[in-house]
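Architecture and fold: a report
Chain residues, written in single-letter form:
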Amino acid sequence: MSSVASTSKVTLGLLQKGASASLWSATCDLAARSRAPPVWTANRSSDYRTRRSFSQSRAAWSVWPSGMEPGSERKRGEAQQSTSAQASSTSGLPKYHPPRSITVQDLQEMKERQEPIAMLTAYDYPSALAHRSAKVDISLIGDSLANVALGHPTTQQLDIDAMVHHCAAVSRGVNDPILSHPSLPPTPLIIADLPFGIAQLPLEAAVPAALDVVRKGRLHGLKIEGGREVIPLISHLTSFGTAVMAHIGLQPQRFSSASALSLQARTAVEAIELLDEALALEEAGAFAMLIECVPGRVAAEVTKRLRIPTIGIGAGKGTDGQVLVQDDILGEINSPLSLLRVLEAQEQGGESPSSSLLPKPSAPTTPRFVRNFAMQATGTTGGAVRVAAVQAYVKAVKERTYPNDEEGYKMKREEWAALKAWLEEFDQQEAATAAAEEGRQSADEVIV
Ligand SMILES: Nc1nc(=O)c2c([nH]1)NC[C@@H]1CN(c3ccc(C(=O)N[C@@H](CCC(=O)O)C(=O)O)cc3)CN21
Ligand SMILES: CC(C)C(=O)C(=O)O
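In this report, we go over the structure that sits alongside the text. Please read all numbers here as calculations on a predicted model, not as lab measurements.

Counted under the stated rule, the structure contains two aromatic pairs. Look at Trp422 and Phe426: their rings are 5.2 Å apart centre to centre, the planes differ by 15°, and that puts the pair in the stacked class. Here Trp422 pairs with Phe426, and both are found in helix H17 (residues 413–447), just four residues apart, close to one helical turn. Classification of Trp422 as exposed rests on a relative accessible area of 52%. Exposure remark for Phe426: the relative accessible area of 35% places this residue in the partly exposed category.

All buried positions along helix H10 (residues 231–239) are accounted for by Ile231, Leu233, Ile234, Leu237 and Thr238. An end-on view of H10 places all buried positions within 160° of arc, on one side of the element. Taken together, the buried residues of H10 touch helix H9 (203–216), strand S4 (221–225), strand S5 (243–249) and helix H11 (268–283). Gly241 lies just past H10 and shows a positive phi near 90°.

Around ligand 1 lies a shell of 17 residues, among which Asn147, Leu263, Glu292, Asp328 and Arg368 are the nearest. Contacts to ligand 1 include Leu263, whose backbone N or O atom sits 2.8 Å from an oxygen atom. In isolation ligand 1 has 670 Å² of accessible area, and contact with the protein removes 72% of it. Its residues assigned to classes, the shell around ligand 1 comprises nine nonpolar, four polar and four charged. Built from parts of two domains, the shell around ligand 1 gets at least three residues from each of domain 2 (48–64 + 100–324) and domain 3 (336–405).

Bringing the site of ligand 2 into the picture now. In the region of ligand 2, the neighbouring residues are Thr121, Leu140, Gly142, Asp143, Ser144, Asp193, Lys223, His247, Leu290, Ile313, Val323 and Val325. Asp143 has a polar side-chain atom sitting 3.1 Å from an oxygen atom of ligand 2. Within the side chain of Asp193, one N or O atom sits 3.2 Å away from an oxygen atom of ligand 2. Notes on ligand 2: free accessible area 260 Å², of which the protein chains cover 94%. The residue makeup of the shell around ligand 2, split by class, is five nonpolar, four polar and three charged.

Omega for the peptide link from Tyr402 to Pro403 comes to -5°, which places this bond in the cis form. Within the secondary structure, Pro403 sits in the loop between helix H16 (382–398) and H17. A positive phi angle, close to 55°, is found at Arg218, a residue other than glycine. Among the secondary structure elements, Arg218 is positioned in the loop between H9 and S4.

Taken together, eight strands build a closed barrel; the order of strands is S1-S2-S3-S4-S5-S6-S7-S8 and the barrel is parallel. Across the sheet, the mean angle separating the axes of adjacent strands is 25° when strand polarity is ignored. Bridging between strand S2 (residues 138–141) and strand S3 (residues 189–193) involves four bridges; their strand directions are parallel. Bridged to Ile138 within S3 is Leu189. In this fold H11 packs onto S5 and strand S6 (288–292), with an angle of close to 170° to the strand it touches most, S5.

A cluster of nonpolar side chains, namely Met411, Trp416, Leu419, Trp422, Leu423 and Phe426, defines an oily patch on the protein surface of about 590 Å² accessible area. Positionally, Met411 belongs in the loop between H16 and H17.

Attention now moves to the pairing of strand S1 (residues 117–121). Buried residues dominate S1, accounting for four of its five residues. The pairing of S1 with strand S8 (residues 321–324) spans four bridges and is parallel. Note that in S8 the partner of Met119 across the bridge is Val323. When S1 meets S2, the two strands line up parallel, connected through three bridges. From the neighbouring strand, Thr121 faces S2, where its bridge partner is Leu140. Following the backbone out of S1, through helix H6 (residues 125–131) and into the adjacent parallel S2, one traces a crossover that is right-handed.

Moving on to the nonpolar core. Core analysis: the largest hydrophobic core is formed by 54 residues, its most contacted members being Leu219, Leu222, Ile224, Met289 and Ile291. Among the elements that make up this core, the one with the highest residue count is H11 (seven residues). Those residues in contact with Leu219 that sit more than four places away from it in its chain are Ile141, Cys167, Ile190, Ile191, Ala192, Val213 and Val214. Ile191, Ala243, Phe287 and Leu290 belong to the second largest nonpolar core, which has 22 residues in total.

By the definition in use, this model includes 17 salt bridges. The partner of Glu332 in a salt bridge is Arg386, with the nearest N and O atoms 3.0 Å apart. Taken together, the positions of Glu332 in the loop between helix H13 (326–330) and helix H14 (336–346) and Arg386 in helix H16 put the pair 54 residues apart, joining distant regions of the chain. Look at Glu332 and you get buried, because its relative accessible area is 12%. The partly exposed category is assigned to Arg386, whose relative accessible area is 49%. A salt bridge links Glu399 to Lys395, with the nearest nitrogen and oxygen atoms 3.4 Å apart. Each member of the salt-bridge network shares a partner with another, and the members are Arg113, Glu115, Lys135 and Asp137.

Before going further, it helps to spend a moment on the packing of H11 against helix H12 (residues 296–305). Running from N to C, H11 and H12 cross one another at 30°; their axes reach a closest spacing of 10 Å. It follows that H11 is roughly parallel to H12 by the angle criterion. Considering only the axes of H11 and H12, their crossing is right-handed. Along the contact surface, H11 presents Ala271, Leu274, Leu275, Ala278 and Leu279, while H12 presents Val298, Val302 and Arg305. Of the residues that constitute the contact of H11 with H12, the class distribution is seven nonpolar, no polar and one charged.

Conventions adopted
- Residues numbered from 1 in each chain as written.
- Chains lettered and ligands numbered in written order.
- Predicted model: local features only at pLDDT ≥ 70, side-chain atom pairs only at ≥ 80, totals over all residues.
- Heavy atoms only, no water.
- Phe/Tyr/Trp six-rings, centres within 6.5 Å; stacked < 30°, edge-to-face > 60°.
- Helix = DSSP H or I, 4+ residues; strand = E, 2+ residues; numbered from the N terminus.
- Buried < 20%, exposed > 50% of the residue type's maximum accessible area, 1.4 Å probe, protein only.
- Arc of directions from axis to C-beta.
- Contact = heavy atoms within 4.5 Å.
- Near = heavy atom within 4 Å.
- Polar contact = N/O pair within 3.5 Å; in protein donor to acceptor, adjacent residues only side chain to side chain.
- Areas by Shrake-Rupley, 256 points an atom, 1.4 Å probe, with all protein chains shown as cover.
- Nonpolar A, V, L, I, M, F, W, Y, C, P; charged D, E, K, R; others polar.
- Domains from an automatic or database assignment.
- Pairing = 2+ DSSP bridges.
- Axes fitted to C-alpha atoms, helices over the stretch in contact; angles between N-to-C directions.
- Patch = residues over 30% accessible without salt bridge, like charges linked within 9 Å, V, L, I, M, F, W, Y side chains within 5 Å.
- Salt bridge = Lys/Arg side-chain N within 4 Å of Asp/Glu carboxyl O.
- Right-handed = clockwise from strand over helix to strand, strands pointing away.
- Core = buried A, V, L, I, M, F, W, Y, C linked by side-chain atoms within 4.5 Å.
- Parallel < 35°, antiparallel > 145°, perpendicular 65-115°, else oblique.
- Left-handed = near helix turned anticlockwise from the far one by under 90°.

This is the structure:
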C-alpha cells in the first residue's frame, strides 16, 4: 500500500474515533486541513513528474505521422496531406488518411485548459458511428452493455467474449476508414470496462486476461472498477503502458441488486475515504478517474486534488468531464418498464392497457442523473421512434400497403416475356403429369 493511502487511513481512523464528538469535530478537522497542506499531499512518496506517466511512455496508438503527435501544434489536415502525398508519390497507393485518435495526453491537456471532456458509451457499430457525428473524446464500451443491450440483470453476468465481440464492433465504427477525412474530428479514445471476474483473478491470470480484452477488442485501454483492491492490477498494467481509467464511487459490478445502486460518499468520512482512494489510484498510474453517483461537492473537491482528469456520472458539474449511457440520452427502451412508459405515453387520453401494468404512474425508470437529450433536441425519444416504427411496419404489412412498387425490383421486359412463356409450358406439363397420375390412381381403384 502506498504511503498516501496509509497516511490518510490514519486520519480516517482519527475521524472515526471522534465520531461520538459528532460531525462538528469532523468538520473542524477538515477545515484545519484546508488551511494546512493536505496530509496526503505533504506525504506523497514522489513528485508527479517523476512518477510513472503517459507523457513519458508513449503507448502503441501514438504512432502517428510526424506533426500529428498528441499535443502537436501543427494542423491535422496539413500533416495528413503531407503524409498521404508522400505515400502516393512513393508507392502509387491510393491516398489513405490514418484517423488521428484522441490520446491520454490530449485529455490531460484538456483538464489543464479546463475544456470539458465528453465521454459516451457505445456497444455496437451504429452507436460508434454516431460518436463520429460529434467530438466525443472517449468512447466507452461500458459493461452496462450487460443490462442495456443484452438484458442481463446486472453487469456481473457479462461474458468476456461478449464484451470483446462488442468492442470490436465499436472499434470498426469509430475507425471506419470512410470517416477518416481530415475535416472530421479526431477519433475518440476507445476504452472498455474490464468485465467482472477478471480483476478478481490472481494477478498472473488477471494481467493476460485484461490484455486479451485490449488486443481482441482493439481498444486503447481499459476502465477498471474498484478501490485499493485493484491497485496491484492497475500498477502492473500501467507500468507497461496500458491505459487504465479508474472507477470509484458507485461500482455497479459490486452490486447484485438494483436497490444497492445508491448515492456514495454521503458523509465526510466516506468522502475522505473516496479522496484517499482516488489519490492512491492516481499514484498507481491511472490516466483518468471515473466518479459515479456521489454528491457534486465531493466530486469537485476530488477533481481539484487530482492531477489526472475526472469524468463524472451523477457527480455534478465540477468534474473535468461527463459520461452517460448512449441509450439513456436517447430515451431508448432499455427495460421492460421503459417500454411500458413509451406505450403509456402513446396511449395518452384513451384507456391505457399498459398503465395498469406500471407500478407507479410516475416512478422513474432511469437514475436521477440521466437527461433525455433526444426529447430535448427532437421532441421525441429513441424508444418512442422505435416503437412507432415497429407498430407502423406491422400495420402496413397487415394492410398490404408495404411494400409498394418503388420498394421492389423490376425485370427487363424481354426477360419477363421469356420467363412467362417458359412457365406456361411448365404449368401445362405439370397439369398433364397430374392428370396422368390421377388416371393411374383411378385405374388402381378399379383393380382393388
Ligand atoms: N442504462 C443504464 N444507465 C446507467 O447509467 C447504468 C446502467 N444502465 N447500468 C450499469 C450502471 C448502473 N447505474 C446506476 C443505476 C441506477 C442508479 C440509481 O437509480 N440511483 C438512484 C440513487 C438514489 C439514491 O441513493 O439517492 C437514483 O435515483 O438516481 C444509479 C446508477 C449506472 N449504470
Ligand atoms: C455508466 C457508465 C459510466 C459505465 O460504467 C457503464 O456504461 O458501464
